[in-house]
Amino acid sequence: MIAVSPSQTRPAAPVRRAHLALWIFLIANLVIVELMFATPATPAHNTLTSIGRFLGLHLAFVMALQLLLIARLPFLDRRIGMDKLTTWHRWTGFTIFWLVLLHPTFVLLGYSKLDQISFFAEISNLAKQMPVLLGMIAAVLVVVVAGLSVRIARRKLSYEAWHTVHLLVYVLVTLGIVHQVYEGSAFKANVLTQVYWWGLWAFALGALITGRVLTPLVRNARHQLKVAAVVPEADDVVSVYVTGHDLGRLDARAGQFFLWRFLGHNRWWQVNPWSLSAAPDGRSLRLTAKGIGTTSAGLRGLPIGTKVFAEGPYGAFTSARRVTGKSLLIAGGIGVTPIRSLMEDERLTGDVVVLYRVRDRAEAVLLGEMHNIASVRGQHLHLLTGRTTESNQPFSPAALAELVPDIVERDVFVCGPAGMTDAVLRSLRELKVPAQQLHAEVFRLAS
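Since this is a predicted model, take the numbers as computed values, not measurements. (Residues numbered from 1 in each chain as written. Predicted model: local features only at pLDDT ≥ 70, side-chain atom pairs only at ≥ 80, totals over all residues. Heavy atoms only, no water.)

A.B. asks: Help me understand the overall build of the protein chain in this model?
C.D. replies: Helix and strand content of the protein chain: 15 helices and eleven strands. Taken across its 447 residues, the protein chain has 48% of its residues classed as buried. Intrachain contacts of the protein chain at a sequence separation of at least 6 include 74% that bridge at least 24 residues. In the structure as shown, the protein chain presents an accessible area of about 21,100 Å², 63% of it carried by carbon and sulfur atoms. (Helix = DSSP H or I, 4+ residues; strand = E, 2+ residues; numbered from the N terminus. Buried < 20%, exposed > 50% of the residue type's maximum accessible area, 1.4 Å probe, protein only. Contact = heavy atoms within 4.5 Å. Areas by Shrake-Rupley, 256 points an atom, 1.4 Å probe, with all protein chains shown as cover.)

Written as C-alpha coordinates, this is what we have:
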(Lines give C-alpha, C1' and ligand atoms only; values in the text may rest on other atoms or scores of the structure.)
Protein backbone atom coordinates (compact mmCIF):
# COMPACT_ATOMS: atom_id res chain seq x y z
CA MET A 1 0.00 0.00 0.00
CA ILE A 2 1.29 3.49 -0.83
CA ALA A 3 1.61 5.70 2.22
CA VAL A 4 -0.38 8.90 2.21
CA SER A 5 1.64 11.97 3.05
CA PRO A 6 0.18 14.76 5.21
CA SER A 7 0.05 17.05 2.18
CA GLN A 8 -2.28 14.58 0.46
CA THR A 9 -4.82 14.72 3.27
CA ARG A 10 -5.19 18.50 3.32
CA PRO A 11 -7.64 19.01 0.40
CA ALA A 12 -10.57 17.69 2.46
CA ALA A 13 -10.18 20.51 5.01
CA PRO A 14 -10.83 23.40 2.53
CA VAL A 15 -13.93 21.58 1.28
CA ARG A 16 -15.28 21.24 4.82
CA ARG A 17 -14.48 24.88 5.54
CA ALA A 18 -16.38 25.99 2.43
CA HIS A 19 -19.44 23.94 3.44
CA LEU A 20 -19.19 25.28 7.01
CA ALA A 21 -18.95 28.87 5.76
CA LEU A 22 -22.08 28.38 3.65
CA TRP A 23 -24.04 26.90 6.55
CA ILE A 24 -22.97 29.67 8.93
CA PHE A 25 -23.94 32.30 6.36
CA LEU A 26 -27.32 30.64 5.76
CA ILE A 27 -28.26 30.11 9.40
CA ALA A 28 -27.04 33.53 10.58
CA ASN A 29 -29.01 35.33 7.89
CA LEU A 30 -32.13 33.24 8.47
CA VAL A 31 -32.04 34.18 12.16
CA ILE A 32 -31.83 37.86 11.23
CA VAL A 33 -34.66 37.48 8.71
CA GLU A 34 -36.90 35.87 11.36
CA LEU A 35 -36.15 38.73 13.78
CA MET A 36 -36.96 41.26 11.07
CA PHE A 37 -40.31 39.61 10.43
CA ALA A 38 -41.09 39.62 14.15
CA THR A 39 -40.40 43.38 14.41
CA PRO A 40 -41.95 44.98 11.28
CA ALA A 41 -42.15 48.71 10.67
CA THR A 42 -45.93 48.49 10.31
CA PRO A 43 -48.32 45.72 11.44
CA ALA A 44 -49.95 43.51 8.83
CA HIS A 45 -53.61 44.12 7.99
CA ASN A 46 -54.65 40.55 8.78
CA THR A 47 -53.31 37.01 9.12
CA LEU A 48 -53.32 36.37 5.38
CA THR A 49 -51.26 39.47 4.55
CA SER A 50 -48.93 38.60 7.44
CA ILE A 51 -48.29 35.18 5.89
CA GLY A 52 -47.76 36.87 2.52
CA ARG A 53 -45.24 39.24 4.09
CA PHE A 54 -43.43 36.30 5.75
CA LEU A 55 -43.18 34.47 2.43
CA GLY A 56 -42.12 37.61 0.58
CA LEU A 57 -39.31 38.33 3.01
CA HIS A 58 -37.98 34.80 2.64
CA LEU A 59 -38.44 34.98 -1.13
CA ALA A 60 -36.20 38.05 -1.28
CA PHE A 61 -33.58 36.38 0.91
CA VAL A 62 -33.54 33.20 -1.19
CA MET A 63 -33.17 35.33 -4.34
CA ALA A 64 -30.09 37.00 -2.82
CA LEU A 65 -28.73 33.57 -1.93
CA GLN A 66 -29.39 32.43 -5.49
CA LEU A 67 -27.27 35.29 -6.83
CA LEU A 68 -24.36 34.17 -4.67
CA LEU A 69 -24.68 30.59 -5.95
CA ILE A 70 -24.47 31.72 -9.58
CA ALA A 71 -21.81 34.40 -9.00
CA ARG A 72 -19.00 31.88 -9.61
CA LEU A 73 -17.13 32.85 -6.48
CA PRO A 74 -13.63 31.26 -6.60
CA PHE A 75 -13.81 30.44 -2.86
CA LEU A 76 -16.81 28.17 -3.47
CA ASP A 77 -16.09 26.99 -7.01
CA ARG A 78 -12.59 25.67 -6.35
CA ARG A 79 -13.62 23.92 -3.15
CA ILE A 80 -17.16 22.71 -3.79
CA GLY A 81 -17.25 22.68 -7.59
CA MET A 82 -19.52 24.22 -10.19
CA ASP A 83 -21.38 20.94 -10.63
CA LYS A 84 -22.61 20.81 -7.04
CA LEU A 85 -23.24 24.56 -6.91
CA THR A 86 -25.37 24.24 -10.05
CA THR A 87 -27.38 21.46 -8.40
CA TRP A 88 -27.98 23.70 -5.38
CA HIS A 89 -28.87 26.55 -7.73
CA ARG A 90 -31.49 24.34 -9.37
CA TRP A 91 -33.16 23.44 -6.05
CA THR A 92 -32.95 27.03 -4.86
CA GLY A 93 -34.63 28.05 -8.11
CA PHE A 94 -37.58 25.76 -7.49
CA THR A 95 -37.81 27.10 -3.91
CA ILE A 96 -38.09 30.58 -5.44
CA PHE A 97 -40.76 29.26 -7.81
CA TRP A 98 -43.00 28.06 -4.95
CA LEU A 99 -42.42 31.20 -2.90
CA VAL A 100 -43.28 33.30 -5.95
CA LEU A 101 -46.60 31.47 -6.23
CA LEU A 102 -47.44 31.56 -2.52
CA HIS A 103 -46.31 35.10 -1.63
CA PRO A 104 -48.67 37.01 -3.98
CA THR A 105 -51.46 34.47 -3.41
CA PHE A 106 -51.61 35.19 0.31
CA VAL A 107 -51.18 38.93 -0.20
CA LEU A 108 -54.05 38.98 -2.69
CA LEU A 109 -56.24 36.84 -0.43
CA GLY A 110 -55.53 39.19 2.47
CA TYR A 111 -56.33 42.35 0.53
CA SER A 112 -59.40 40.85 -1.11
CA LYS A 113 -60.72 40.08 2.37
CA LEU A 114 -59.83 43.58 3.53
CA ASP A 115 -61.40 45.27 0.47
CA GLN A 116 -64.29 42.79 0.42
CA ILE A 117 -63.86 42.00 -3.26
CA SER A 118 -63.02 38.80 -5.10
CA PHE A 119 -59.51 37.44 -5.42
CA PHE A 120 -59.38 38.12 -9.17
CA ALA A 121 -60.80 41.61 -8.78
CA GLU A 122 -58.03 42.31 -6.29
CA ILE A 123 -55.43 41.36 -8.89
CA SER A 124 -56.52 44.14 -11.24
CA ASN A 125 -56.96 46.48 -8.27
CA LEU A 126 -53.39 46.08 -6.98
CA ALA A 127 -51.93 45.98 -10.49
CA LYS A 128 -52.78 49.67 -10.78
CA GLN A 129 -49.83 50.31 -8.46
CA MET A 130 -46.62 50.27 -10.54
CA PRO A 131 -44.37 48.56 -7.90
CA VAL A 132 -46.97 45.79 -7.49
CA LEU A 133 -47.31 45.41 -11.26
CA LEU A 134 -43.52 45.04 -11.59
CA GLY A 135 -43.62 42.36 -8.90
CA MET A 136 -46.33 40.53 -10.82
CA ILE A 137 -44.27 40.67 -14.03
CA ALA A 138 -41.25 39.29 -12.13
CA ALA A 139 -43.43 36.45 -10.81
CA VAL A 140 -44.54 35.56 -14.35
CA LEU A 141 -40.90 35.50 -15.51
CA VAL A 142 -39.98 33.17 -12.64
CA VAL A 143 -42.76 30.79 -13.66
CA VAL A 144 -41.55 30.84 -17.29
CA VAL A 145 -37.91 30.13 -16.35
CA ALA A 146 -38.91 27.42 -13.86
CA GLY A 147 -41.25 25.81 -16.38
CA LEU A 148 -38.50 25.61 -19.00
CA SER A 149 -36.11 24.16 -16.39
CA VAL A 150 -38.31 21.14 -15.71
CA ARG A 151 -36.53 18.05 -17.03
CA ILE A 152 -39.14 17.25 -19.71
CA ALA A 153 -39.09 20.79 -21.11
CA ARG A 154 -35.32 21.07 -20.77
CA ARG A 155 -34.77 18.02 -22.99
CA LYS A 156 -36.61 19.73 -25.85
CA LEU A 157 -34.43 22.85 -25.72
CA SER A 158 -30.92 23.18 -27.07
CA TYR A 159 -28.33 24.28 -24.54
CA GLU A 160 -28.00 27.62 -26.37
CA ALA A 161 -31.77 28.28 -26.15
CA TRP A 162 -31.89 27.23 -22.50
CA HIS A 163 -29.02 29.58 -21.64
CA THR A 164 -30.67 32.46 -23.51
CA VAL A 165 -33.93 31.96 -21.61
CA HIS A 166 -32.02 32.10 -18.32
CA LEU A 167 -30.88 35.64 -19.15
CA LEU A 168 -34.40 36.58 -18.03
CA VAL A 169 -33.09 36.06 -14.50
CA TYR A 170 -31.33 39.42 -14.68
CA VAL A 171 -34.59 41.10 -15.69
CA LEU A 172 -36.61 39.55 -12.88
CA VAL A 173 -33.92 40.40 -10.30
CA THR A 174 -34.09 44.04 -11.38
CA LEU A 175 -37.89 44.02 -11.14
CA GLY A 176 -37.69 42.30 -7.76
CA ILE A 177 -35.36 44.96 -6.36
CA VAL A 178 -37.65 47.79 -7.52
CA HIS A 179 -40.60 45.95 -5.96
CA GLN A 180 -38.74 45.70 -2.64
CA VAL A 181 -37.78 49.38 -2.63
CA TYR A 182 -41.43 50.45 -2.71
CA GLU A 183 -43.27 47.54 -1.15
CA GLY A 184 -40.84 46.11 1.41
CA SER A 185 -41.83 46.85 4.99
CA ALA A 186 -40.34 44.02 7.03
CA PHE A 187 -36.81 45.42 6.66
CA LYS A 188 -37.77 49.07 7.25
CA ALA A 189 -38.24 48.81 11.01
CA ASN A 190 -35.13 50.90 11.70
CA VAL A 191 -31.83 52.02 10.21
CA LEU A 192 -30.05 48.82 11.23
CA THR A 193 -32.49 46.55 9.41
CA GLN A 194 -32.28 48.68 6.28
CA VAL A 195 -28.48 48.74 6.38
CA TYR A 196 -28.40 44.95 6.83
CA TRP A 197 -30.92 44.26 4.06
CA TRP A 198 -29.41 46.46 1.40
CA GLY A 199 -25.93 45.42 2.51
CA LEU A 200 -26.91 41.80 1.87
CA TRP A 201 -28.22 42.66 -1.57
CA ALA A 202 -25.19 44.85 -2.36
CA PHE A 203 -22.92 41.93 -1.44
CA ALA A 204 -24.91 39.49 -3.62
CA LEU A 205 -25.07 41.86 -6.60
CA GLY A 206 -21.43 42.87 -6.18
CA ALA A 207 -20.36 39.22 -6.18
CA LEU A 208 -22.50 38.54 -9.26
CA ILE A 209 -21.19 41.52 -11.23
CA THR A 210 -17.59 40.79 -10.25
CA GLY A 211 -17.75 37.08 -11.02
CA ARG A 212 -19.90 37.17 -14.13
CA VAL A 213 -18.85 40.47 -15.74
CA LEU A 214 -15.75 42.25 -14.40
CA THR A 215 -13.42 39.28 -13.89
CA PRO A 216 -14.11 37.75 -17.35
CA LEU A 217 -13.67 41.16 -19.02
CA VAL A 218 -10.34 41.77 -17.29
CA ARG A 219 -9.02 38.27 -18.02
CA ASN A 220 -9.99 38.33 -21.69
CA ALA A 221 -8.52 41.81 -22.18
CA ARG A 222 -5.28 40.53 -20.63
CA HIS A 223 -4.97 37.22 -22.47
CA GLN A 224 -6.38 38.08 -25.93
CA LEU A 225 -7.46 34.51 -26.71
CA LYS A 226 -7.80 33.29 -30.29
CA VAL A 227 -8.18 30.01 -32.18
CA ALA A 228 -4.80 28.57 -33.20
CA ALA A 229 -5.90 25.24 -34.71
CA VAL A 230 -8.96 23.06 -35.31
CA VAL A 231 -8.35 19.31 -35.43
CA PRO A 232 -11.06 16.74 -36.25
CA GLU A 233 -10.87 13.77 -33.84
CA ALA A 234 -13.80 11.79 -35.31
CA ASP A 235 -16.78 12.34 -37.60
CA ASP A 236 -18.64 14.33 -34.93
CA VAL A 237 -15.81 15.30 -32.54
CA VAL A 238 -13.36 18.16 -32.92
CA SER A 239 -10.54 19.67 -30.85
CA VAL A 240 -9.95 23.41 -30.78
CA TYR A 241 -6.56 24.82 -29.73
CA VAL A 242 -6.63 28.31 -28.20
CA THR A 243 -3.61 30.53 -27.64
CA GLY A 244 -3.13 33.92 -26.03
CA HIS A 245 -0.87 36.09 -23.91
CA ASP A 246 0.53 35.00 -20.55
CA LEU A 247 -1.83 32.04 -20.15
CA GLY A 248 0.02 30.86 -17.06
CA ARG A 249 -1.71 33.62 -15.08
CA LEU A 250 -5.06 31.93 -15.68
CA ASP A 251 -4.03 29.34 -13.07
CA ALA A 252 -6.01 26.69 -14.95
CA ARG A 253 -5.70 23.06 -13.86
CA ALA A 254 -6.31 19.75 -15.59
CA GLY A 255 -9.93 18.68 -15.08
CA GLN A 256 -11.36 22.20 -15.12
CA PHE A 257 -13.59 23.76 -17.76
CA PHE A 258 -14.28 27.15 -19.30
CA LEU A 259 -17.43 28.75 -20.66
CA TRP A 260 -16.54 29.43 -24.28
CA ARG A 261 -17.71 32.01 -26.80
CA PHE A 262 -16.25 32.12 -30.30
CA LEU A 263 -16.90 35.62 -31.59
CA GLY A 264 -18.67 35.60 -34.91
CA HIS A 265 -19.45 31.89 -34.60
CA ASN A 266 -22.33 32.25 -32.17
CA ARG A 267 -24.29 35.09 -30.61
CA TRP A 268 -22.62 36.90 -27.72
CA TRP A 269 -25.21 35.68 -25.20
CA GLN A 270 -24.70 32.02 -26.15
CA VAL A 271 -22.05 30.19 -24.19
CA ASN A 272 -20.99 26.54 -23.90
CA PRO A 273 -19.19 24.72 -21.07
CA TRP A 274 -16.36 22.54 -22.37
CA SER A 275 -13.59 20.93 -20.34
CA LEU A 276 -9.93 21.21 -21.10
CA SER A 277 -8.97 18.02 -22.91
CA ALA A 278 -5.25 18.51 -22.30
CA ALA A 279 -3.42 19.68 -19.21
CA PRO A 280 -2.79 23.45 -19.55
CA ASP A 281 0.88 24.26 -20.17
CA GLY A 282 0.81 28.07 -20.01
CA ARG A 283 1.09 28.33 -23.81
CA SER A 284 -2.24 27.00 -25.09
CA LEU A 285 -5.60 25.58 -24.06
CA ARG A 286 -7.41 22.73 -25.78
CA LEU A 287 -11.08 21.81 -25.72
CA THR A 288 -12.63 18.79 -27.40
CA ALA A 289 -16.36 18.80 -28.16
CA LYS A 290 -18.89 16.45 -29.67
CA GLY A 291 -21.32 17.93 -32.23
CA ILE A 292 -24.50 17.80 -30.17
CA GLY A 293 -25.80 21.37 -30.17
CA THR A 294 -25.72 24.11 -32.82
CA THR A 295 -22.50 25.67 -31.51
CA SER A 296 -20.55 22.46 -30.95
CA ALA A 297 -21.55 21.05 -34.33
CA GLY A 298 -20.14 24.11 -36.07
CA LEU A 299 -16.75 24.18 -34.35
CA ARG A 300 -15.17 22.24 -37.22
CA GLY A 301 -15.61 25.31 -39.43
CA LEU A 302 -14.00 27.82 -37.06
CA PRO A 303 -11.53 30.04 -38.95
CA ILE A 304 -7.99 30.18 -37.55
CA GLY A 305 -7.55 33.46 -35.69
CA THR A 306 -11.17 33.63 -34.47
CA LYS A 307 -11.30 35.68 -31.28
CA VAL A 308 -12.34 33.75 -28.20
CA PHE A 309 -14.06 35.02 -25.07
CA ALA A 310 -13.70 32.49 -22.25
CA GLU A 311 -14.96 32.56 -18.67
CA GLY A 312 -13.07 30.48 -16.16
CA PRO A 313 -11.33 28.29 -15.27
CA TYR A 314 -14.09 26.69 -13.20
CA GLY A 315 -14.61 23.45 -11.33
CA ALA A 316 -13.13 21.43 -8.48
CA PHE A 317 -12.62 18.28 -10.57
CA THR A 318 -8.85 18.44 -10.12
CA SER A 319 -6.03 16.49 -8.51
CA ALA A 320 -6.09 19.05 -5.69
CA ARG A 321 -9.13 17.21 -4.30
CA ARG A 322 -7.23 13.96 -3.71
CA VAL A 323 -7.03 12.62 -0.18
CA THR A 324 -5.20 9.35 -0.92
CA GLY A 325 -2.06 8.38 -2.80
CA LYS A 326 -3.81 6.31 -5.51
CA SER A 327 -6.40 7.29 -8.12
CA LEU A 328 -9.07 5.71 -10.32
CA LEU A 329 -10.24 7.77 -13.30
CA ILE A 330 -13.54 6.72 -14.93
CA ALA A 331 -14.71 8.26 -18.20
CA GLY A 332 -17.80 7.71 -20.31
CA GLY A 333 -18.25 8.97 -23.89
CA ILE A 334 -17.18 12.56 -24.46
CA GLY A 335 -16.80 12.85 -20.66
CA VAL A 336 -13.32 11.56 -21.38
CA THR A 337 -12.02 15.10 -21.94
CA PRO A 338 -11.31 16.10 -18.31
CA ILE A 339 -10.14 12.54 -17.56
CA ARG A 340 -7.65 12.69 -20.42
CA SER A 341 -6.29 16.01 -19.08
CA LEU A 342 -6.03 14.59 -15.56
CA MET A 343 -3.95 11.68 -16.89
CA GLU A 344 -1.43 14.28 -18.06
CA ASP A 345 -1.44 16.26 -14.81
CA GLU A 346 2.02 16.14 -13.23
CA ARG A 347 0.40 16.55 -9.80
CA LEU A 348 -1.57 13.33 -10.25
CA THR A 349 1.17 11.09 -8.91
CA GLY A 350 1.09 7.56 -7.53
CA ASP A 351 -0.77 4.52 -8.85
CA VAL A 352 -3.36 5.56 -11.45
CA VAL A 353 -5.96 3.30 -13.10
CA VAL A 354 -8.16 4.58 -15.95
CA LEU A 355 -11.47 3.05 -17.11
CA TYR A 356 -12.84 4.39 -20.42
CA ARG A 357 -16.41 3.30 -21.26
CA VAL A 358 -17.74 3.48 -24.85
CA ARG A 359 -20.18 1.39 -26.88
CA ASP A 360 -17.50 0.43 -29.42
CA ARG A 361 -13.86 1.21 -30.01
CA ALA A 362 -14.65 3.61 -32.86
CA GLU A 363 -16.27 5.99 -30.37
CA ALA A 364 -13.17 6.13 -28.16
CA VAL A 365 -11.89 9.59 -29.08
CA LEU A 366 -8.42 10.57 -27.82
CA LEU A 367 -7.69 6.89 -27.14
CA GLY A 368 -4.31 7.01 -28.89
CA GLU A 369 -3.21 9.95 -26.77
CA MET A 370 -4.39 8.20 -23.63
CA HIS A 371 -2.41 5.06 -24.47
CA ASN A 372 0.71 7.16 -24.96
CA ILE A 373 0.26 9.03 -21.67
CA ALA A 374 -0.47 5.81 -19.79
CA SER A 375 2.64 4.19 -21.26
CA VAL A 376 4.92 7.10 -20.39
CA ARG A 377 3.53 7.65 -16.89
CA GLY A 378 3.04 4.02 -15.92
CA GLN A 379 -0.75 4.24 -15.69
CA HIS A 380 -3.15 1.34 -16.29
CA LEU A 381 -5.73 2.05 -19.01
CA HIS A 382 -8.74 -0.23 -19.61
CA LEU A 383 -11.16 0.31 -22.51
CA LEU A 384 -14.63 -1.02 -21.66
CA THR A 385 -16.79 -1.60 -24.75
CA GLY A 386 -20.17 -3.09 -25.61
CA ARG A 387 -23.73 -2.12 -24.83
CA THR A 388 -24.82 -2.33 -21.23
CA THR A 389 -26.88 -5.49 -20.78
CA GLU A 390 -27.71 -7.85 -17.95
CA SER A 391 -24.51 -9.77 -18.71
CA ASN A 392 -22.37 -6.68 -19.38
CA GLN A 393 -22.42 -4.38 -16.34
CA PRO A 394 -18.90 -2.90 -16.18
CA PHE A 395 -19.80 -0.48 -13.40
CA SER A 396 -21.61 -2.88 -11.11
CA PRO A 397 -20.03 -3.22 -7.64
CA ALA A 398 -18.74 -6.71 -8.47
CA ALA A 399 -17.23 -5.65 -11.82
CA LEU A 400 -15.52 -2.59 -10.33
CA ALA A 401 -14.13 -4.61 -7.43
CA GLU A 402 -12.77 -7.19 -9.87
CA LEU A 403 -11.15 -4.59 -12.15
CA VAL A 404 -9.76 -2.51 -9.26
CA PRO A 405 -9.45 -4.70 -6.15
CA ASP A 406 -8.09 -1.86 -3.98
CA ILE A 407 -10.79 0.60 -5.09
CA VAL A 408 -11.65 1.54 -1.49
CA GLU A 409 -8.13 2.92 -1.08
CA ARG A 410 -8.37 5.22 -4.11
CA ASP A 411 -9.69 8.63 -4.98
CA VAL A 412 -12.21 8.11 -7.77
CA PHE A 413 -12.79 10.74 -10.47
CA VAL A 414 -15.89 10.14 -12.63
CA CYS A 415 -17.05 12.07 -15.69
CA GLY A 416 -19.62 10.99 -18.25
CA PRO A 417 -23.34 11.03 -18.99
CA ALA A 418 -25.47 11.67 -15.90
CA GLY A 419 -26.97 8.16 -15.95
CA MET A 420 -23.57 6.49 -16.08
CA THR A 421 -22.12 8.74 -13.41
CA ASP A 422 -25.04 8.10 -11.06
CA ALA A 423 -24.67 4.34 -11.58
CA VAL A 424 -20.94 4.48 -10.84
CA LEU A 425 -21.47 6.54 -7.69
CA ARG A 426 -24.13 4.10 -6.45
CA SER A 427 -21.72 1.21 -6.91
CA LEU A 428 -18.90 3.08 -5.19
CA ARG A 429 -21.10 3.80 -2.18
CA GLU A 430 -22.12 0.14 -2.08
CA LEU A 431 -18.45 -0.76 -2.08
CA LYS A 432 -17.99 1.60 0.91
CA VAL A 433 -15.62 3.99 -0.84
CA PRO A 434 -15.41 7.01 1.55
CA ALA A 435 -17.43 10.00 0.35
CA GLN A 436 -14.45 12.36 0.51
CA GLN A 437 -12.71 10.16 -2.09
CA LEU A 438 -15.53 10.53 -4.66
CA HIS A 439 -15.20 13.31 -7.23
CA ALA A 440 -17.73 13.65 -10.08
CA GLU A 441 -18.27 16.09 -12.91
CA VAL A 442 -21.65 15.77 -14.62
CA PHE A 443 -22.01 19.22 -16.22
CA ARG A 444 -25.48 19.77 -14.79
CA LEU A 445 -24.91 23.32 -16.00
CA ALA A 446 -25.66 22.03 -19.48
CA SER A 447 -27.84 19.02 -18.81
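A.B. asks: Honestly, the sheet that holds strand β4 (residues 272–275) in this entry has me stumped. Any pointers?
C.D. replies: Think of a sheet as strands paired side by side through backbone hydrogen bonds, with each pair either parallel or antiparallel. The antiparallel open sheet is built from three strands, whose spatial order is β4-β3-β6. Of all the strands in the sheet, the pair left with one neighbour each is β4 and β6 (308–314). Strand after strand, the sheet turns through a mean of 30° between neighbouring axes, direction not considered. For strand β3 (residues 257–262) and β6, the ladder comprises five bridges, and the chain directions are antiparallel. Counted as the bridge partner of Phe257 is Tyr314 from β6. (Pairing = 2+ DSSP bridges. Axes fitted to C-alpha atoms, helices over the stretch in contact; angles between N-to-C directions.)

A.B. asks: Hey, could you run me through empty space enclosed by the protein in this one?
C.D. replies: A probe as big as a water molecule, rolled over the atoms, marks out the empty space that is left. Considering all chains together, one arrives at one cavity of 30 Å³ or more under this definition. One number sums up the size of the largest cavity: a volume of about 40 Å³. Lining the largest cavity, in full, are Arg219, Asn220, His223, Leu225, Leu250, Phe258, Ala310 and Gly312. Residue assignment for the lining of the largest cavity shows that the elements contributing at least two residues are α10 (191–223) and β6. With three residues, α10 is the single largest residue contributor to the lining of the largest cavity. For the lining of the largest cavity, the per-class residue count stands at four nonpolar, three polar and one charged. (1 Å grid on protein atoms, 1.4 Å probe; cavity = no way out; pocket = protein on both sides within 12 Å on 5 of 7 lines; lining within 4 Å. Points joined across faces, edges and corners; volume = space filled by probe spheres on them. Nonpolar A, V, L, I, M, F, W, Y, C, P; charged D, E, K, R; others polar.)

A.B. asks: Looking at this structure, how should I read the environment of Pro338?
C.D. replies: Looking at where Pro338 falls in the secondary structure, it is placed in helix α12 (residues 336–344). On the basis of relative accessible area, Pro338 is assigned to the buried category, the value being 0%. Taking the C-alpha atoms as reference points, Pro338 and Trp274, 64 residues apart in sequence, are found 9.1 Å from one another. The contact partners of Pro338, leaving out residues within four places of it in the chain, are Gly255, Ser275, Leu276, Phe317 and Cys415.

A.B. asks: In this structure, what is going on with the pattern of salt bridges? I would like to understand it.
C.D. replies: Should the charged atoms of two oppositely charged side chains come close, the side chains can pair. Under the counting rule described, the total for this entry stands at 14 salt bridges. For the salt bridge of Arg261 with Glu311, the shortest nitrogen-to-oxygen distance reads 2.6 Å. One end of the pair, Arg261, is in strand β3; the other, Glu311, is in strand β6, and 50 residues separate them in sequence. Here Arg261 falls in the buried class, since its relative accessible area comes to 12%. Taking the shortest distance from any N to any O, the salt bridge between Arg410 and Asp406 comes out at 2.9 Å. Several salt bridges share partner residues, and in doing so they unite Lys326, Asp351, Asp406, Glu409 and Arg410 into one network. (Salt bridge = Lys/Arg side-chain N within 4 Å of Asp/Glu carboxyl O.)

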